[in-house]
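Tertiary structure, described
Here are the chains, one letter per residue:
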Amino acid sequence: MSTNPVISIIAPVYNEEPIIDELYRRIVEVMDSQPDSWELVLVNDGSRDRSAELMFALHERDARVRVVNFARNFGHQNAVTAGMDYARGDAVVIIDADLQDPPEVILQLIDKWREGYHVVYAVRSERRGESWFKKTTAHFFYRIIYRITDVAIPLDTGDFRLMDRQVVKALNTMREHNRFIRGMASWVGFRQTGVEYIRQERFAGQTKYPLKKMLRFALDAITGFSYFPLQVAIYASLVLAVIAVLAVPLVAFLRLAGTEVFEGQATTLVVLLLLSSFQLLFFFIMGQYIARIYDETRNRPLYIVSELWDPSADGSASDDAPAGDEHHAVIVPDAHDSGA
Ligand code: UDP
Ligand code: MG
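Below is a summary of the structure that appears in this document. (Residues numbered from 1 in each chain as written. Chains lettered and ligands numbered in written order. Predicted model: local features only at pLDDT ≥ 70, side-chain atom pairs only at ≥ 80, totals over all residues. Heavy atoms only, no water.)

**A look at the overall build of the protein**
Keep this limit in mind: Helix and strand assignments follow DSSP, with helices taken as H or I runs no shorter than four residues and strands as E runs no shorter than two, numbered in order from the N terminus. Burial classification: accessible surface area is computed with a 1.4 Å probe over protein chains only, and a residue below 20% of its type maximum counts as buried, one above 50% as exposed, and the rest as partly exposed. In this charge count, Lys and Arg are treated as positive and Asp and Glu as negative; neither His nor the chain ends contribute. Here the site of a charge means NZ on Lys, CZ on Arg, CG on Asp, or CD on Glu.
From N to C terminus, the protein includes eleven helices and eight strands. The 340 residues of the protein split such that 49% are buried. Charge-centre separation for the protein: the mean point of 35 positive side chains lies 5 Å from the mean point of 44 negative side chains.

**Overview of the coordination of the magnesium ion (ligand 2)**
This is how it is decided: Donor atoms: N, O and S within 2.8 Å of the metal, or within 3.2 Å for Na, K and Ca. Because water is excluded, sites can look incomplete.
The magnesium ion (ligand 2) binds to the protein through Asp98 (OD) and Gln100 (OE1); the donor distances cover 1.9 to 2.0 Å. Accessibility classification places Asp98 together with Gln100 in one group, the buried group.

**Structural notes on the nonpolar core**
For the record, the criterion: In plain words, nonpolar cores are sets of buried Ala, Val, Leu, Ile, Met, Phe, Trp, Tyr and Cys residues tied together by side-chain atoms within 4.5 Å.
Judged by nonpolar contacts, the single largest core of 43 residues is most densely connected at Val68, Phe70, Met84, Met163, Leu171, Phe180 and Tyr303. By size, the runner-up hydrophobic cluster in this structure holds 42 residues, among which are Ile19, Met31, Leu58 and Leu99.

**Some remarks on the sheet that holds strand E7 (residues 192-199)**
For the record, the criterion: Here, a strand pair is defined by DSSP locating no fewer than two bridges between the strands. Geometry is summarised by axes, namely lines fitted to C-alpha atoms with helices restricted to the contacting stretch, and by angles between N-to-C directions that run from 0 to 180 degrees.
Read from one edge to the other, the open sheet built from eight strands follows the order E7-E5-E6-E4-E1-E2-E3-E8, with strand pairing classed as mixed. Only two strands of the sheet have a single partner each, and these edge strands are E7 and strand E8 (305-309). Between one strand axis and the next, the sheet turns by 20° as a mean value, whatever way the strands run. With seven bridges joining them, strand E1 (residues 7-13) and strand E2 (residues 38-44) adopt parallel strand pairing. Bridge pairing in E2 places Ser8 opposite Glu39.

**A look at the site of ligand 1**
Our working definition: Whether a residue is near a molecule or strand is decided by its heavy atoms; if any one of them lies within 4 Å of it, the residue is near. Pairing of N or O atoms within 3.5 Å defines a polar contact, subject to two protein rules: one partner must be a possible hydrogen donor and the other a possible acceptor, and residues neighboring in sequence count only if both atoms are side-chain atoms. Charged means Asp, Glu, Lys or Arg here, nonpolar means Ala, Val, Leu, Ile, Met, Phe, Trp, Tyr, Cys or Pro, and polar covers whatever is left, Gly included.
Around ligand 1 there are 19 residues in total, and Glu16, Asp45, Asp98, Thr207 and Lys208 lie nearest to it. Between Asp98 and ligand 1, the recorded distance is 2.5 Å, taken from a side-chain N or O atom to an oxygen atom. Note that an oxygen atom of ligand 1 is positioned 3.0 Å from one of the side-chain N or O atoms of Lys213. Here the shell around ligand 1 is built from residues that sort into five nonpolar, five polar and nine charged.

**Quick word on a nonpolar patch on the surface**
Spelled out, the test is: Like charges within 9 Å and nonpolar side chains (Val, Leu, Ile, Met, Phe, Trp, Tyr) within 5 Å are joined into patches, using only residues over 30% in relative accessible area that form no salt bridge. Accessible areas in this description were obtained via Shrake-Rupley with a 1.4 Å probe; residue shielding takes into account the shown protein chains only. The term salt bridge refers to a pairing of a side-chain nitrogen on Lys or Arg with a carboxyl oxygen on Asp or Glu at a separation within 4 Å.
There is a patch of nonpolar side chains on the surface, built from Val239, Leu240, Ile243, Val271, Leu274, Leu275, Phe278, Leu281 and Phe284 and spanning about 770 Å² of accessible area. Residue assignment for the nonpolar patch shows that the elements contributing at least two residues are helix H9 (228-256) and helix H10 (265-298). Ranked by residues supplied to the nonpolar patch, first place goes to H10 with six residues. Topologically, Leu281 is positioned in helix H10.

**Re the pairing of strand E6 (residues 157-164)**
Across the eight residues of E6, eight count as buried, placing the element largely inside the fold. Looking at chain direction, strand E4 (residues 91-94) and E6 are connected through four bridges and run antiparallel. The residue of E6 that forms the bridge with Val93 is Leu162. Two elements, strand E5 (residues 119-127) and E6, share four bridges in a ladder whose sense is antiparallel. The residue of E6 that forms the bridge with Val120 is Leu162.

**Considering the environment of Leu155**
The cut-off we apply is this: We call two residues contacting when some pair of their heavy atoms lies within 4.5 Å.
With respect to the element layout, Leu155 can be found in the loop between helix H5 (132-148) and E6. The class of Leu155 is partly exposed, set by a relative accessible area of 30%. Residues Leu155 and Tyr142, spaced 13 residues apart in sequence, show a C-alpha to C-alpha distance of 5.5 Å. Leu155 has contacts with Val123, Tyr142, Arg143 and Tyr146, leaving out every residue within four places of it along the chain.

**Overview of helix H6 (residues 165-172)**
One turn of the α-helix equals 3.6 residues, which is why residues spaced by three or four share an orientation. Note the cut-off: Of all possible arcs, the one meant is that of the directions from the helix axis to the C-beta atoms.
Every buried residue of H6 is listed here: Val167, Val168, Leu171 and Asn172. When H6 is viewed along its axis, its buried side chains cluster within an angular range of 135° and face the same direction. Where H6 is buried, its residues meet helix H3 (76-86), E4, E5, E6 and helix H7 (181-187). For H6, the capping residue at the N-terminal end is Asp164, with a side-chain oxygen 2.9 Å from the backbone nitrogen of Gln166.

This is the structure:
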């Protein structure tokens with residue numbers, strides 16, 4: 001079996017057909033300019049275009065490219081998780097496949113790692129080619145998360161980062177569902193630092209994060225790292241209690257004084273609707289946490305692998321991989337199956 005590379009680069013791929021070859025070219029250009037050995041772990045997250053075919057071709061051409069092919073779309077965070085499970089390097093770099101994160105920045109991440117940092121995250125000092133809506137929602141998202149979570153998650157930081165093997169090992173034991181990896185990477189601790197970069201425009205194609213997925217992701221981040229939404233109920237109940245205590249003598253006084261301010265059903269109806277909407281909102285919030293508890297209790301695997309295109313596997317892929325341990329529940333039926 002071949003020796004492990006020093007650096008692993010992980011890229012999750014979902015319908016990125018026009019990007020694959022360019023991603024490979026840029027990664028090779030950057031990584032071959034530095035002395036360490038490296039591998040590129042591409043995770044195909046159930047793409048419906050020709051992405052898998054192109055990745056398989058790359059793997060055939062260059063043994064440093066390993067491909068984890070999912071049985072269906074399991075989502076961005078699970079694809080990154082699979083990449084971490086299969087990566088073998090002493091340092092692991094997560095990068096978006098769409099080249100919004102310039103591969104050239106990896107060299108700076110490696111430098112910081114060499115200085116002794118365990119996590120080097122890339123901070124977006126500027127975002128290019130993204131809609132006003134995306135930029136604004138992202139801006140507030142990172143700030144809200146920062147305020148309400150108990151873990152200091154760096155602002156304006158995505159998954160683009162380098163992590164030492166020690167950190168990856170720790171993360172690989174955390175098999176929680178509905179993952180927010182950038183939060184988990186802060187939670188584990190170790191020596192962490194940031195490097196600034198300018199987030200570029202997508203090389204081609206459209207974002208794979210429509211509004212619905214963005215909201216889901218935000219809820220995963222909040223529920224995964226904060227109990228604040230659950231605690232809001234107590235503040236709301238205190239405010240309403242104070243209002244009620246003040247309202248009783250006030251209403252009694254107005255009645256006695258003969259004022260007709262509170263007559264009629266309209267007022268009652270409005271108050272009732274308002275309070276019910278508050279209550280339903282709290283049901284929703286509780287439901288979000290409960291649904292996630294349900295996901296944990298079922299304990300389904302985070303992803304299912306249908307093919308592993310891995311030169312080091314040689315038929316023993318299911319024994320060798322994933323690199324993690326008993327925490328995995330991954331199905332690798334046939335490492336030789338070229339599928340595409
Ligand atoms: N991605 C994925 N599975 C998904 C959605 C996205 O693997 O269900 C990948 C996608 O191919 C890209 C990365 O995750 O490499 C980030 O997605 P995208 O660029 O669409 O997000 P954005 O940059 O717009 O936030
Ligand atoms: Mg992108």
